[in-house]
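A structural walkthrough
One-letter residues, chain by chain:
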Amino acid sequence: LRFSGPFFCEFALKVPDARAVQKRLLQENDILIGPALETWYDDLADCLLVAVTETNSREEVDALAAALSG
């Protein structure tokens, strides 16, 4: 996580190369993650916006976690 404060459904996730991770998740895992935040905030170039709600299954969240760690 990029920030330590509480969040509801959306959070900024710090990753080494946000746009590359976004592209890899879609191409290799068919996971559409939120946008790279550098589009709006230069100081968050290493972050992706992630949204998880009740419409996401546990399996989908686990698949995202596995894809991010791999």
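Just so it is clear, the model here is predicted, and its values are computed rather than measured.

**What to know about the packing of aromatic side chains**
For the structure on display, the rule yields one aromatic pair. Measuring from ring centre to ring centre gives 4.9 Å for Phe7 and Phe11, while their planes differ by 45°; the resulting arrangement is tilted. The class of Phe7 is partly exposed, set by a relative accessible area of 44%.

**Some points on the nonpolar core**
Where a protein is soluble and globular, its nonpolar side chains tend to be buried together. Formed by 13 residues in total, the largest nonpolar core has its most connected members in Val15, Leu25, Ile33, Leu48, Val50 and Leu64. Sort the elements by how many residues they give to this core and helix H1 (residues 18-29) lands first, with three residues. Setting aside residues no more than four positions away along its own chain, Ile33 makes contact with Gln22, Leu25, Leu48, Leu49, Val50 and Leu64.

**A short note on the environment of Ala18**
By the secondary structure assignment, Ala18 is in helix H1. The buried category is assigned to Ala18, whose relative accessible area is 1%.

**Quick look at the packing of H1 against helix H2 (residues 58-69)**
The geometry of H1 relative to H2 is characterised by a closest axis approach of 11 Å and an angle of 120° between their N-to-C directions. Once H1 is placed against H2, the crossing between them reads as right-handed. From H1, Val21, Arg24, Leu25 and Asn29 reach across to H2, where they touch Leu64, Ala67 and Leu68.

Parameters at a glance
Within each chain, residues carry numbers counting from 1 in the order of the written sequence. Local features are withheld for residues below a pLDDT of 70 in this predicted model, meaning they are given only at 70 or higher, and side-chain atom pairs are given and counted only at 80 or more; totals for whole chains, interfaces and linings count all residues. Hydrogens are left out, water is left out, and the side-chain values use all remaining heavy atoms of the structure. Paired rings are identified among Phe, Tyr and Trp, the last through its six-membered ring, by centres lying within 6.5 Å, and are further divided according to the angle between planes into stacked (under 30 degrees), edge-to-face (over 60) and tilted (the rest). In this scheme, a residue with accessible area under 20% of its type's maximum is buried, one over 50% is exposed, and one in between is partly exposed, where area comes from a 1.4 Å probe on protein chains only. We call a set of buried Ala, Val, Leu, Ile, Met, Phe, Trp, Tyr and Cys residues a nonpolar core when their side-chain atoms join them within 4.5 Å. By definition, any uninterrupted DSSP run of H or I lasting at least four residues is a helix, any uninterrupted run of E lasting at least two residues is a strand, and each is numbered from the N terminus. By definition, residues are in contact when any of their heavy atoms lie within 4.5 Å. Working convention: axes come from line fits to C-alpha atoms, limited for helices to the stretch in contact. Angles between N-to-C directions cover 0 to 180 degrees. Crossings are assigned a handedness: left-handed for a near helix turned anticlockwise from the far helix by less than a right angle, right-handed for a clockwise turn.

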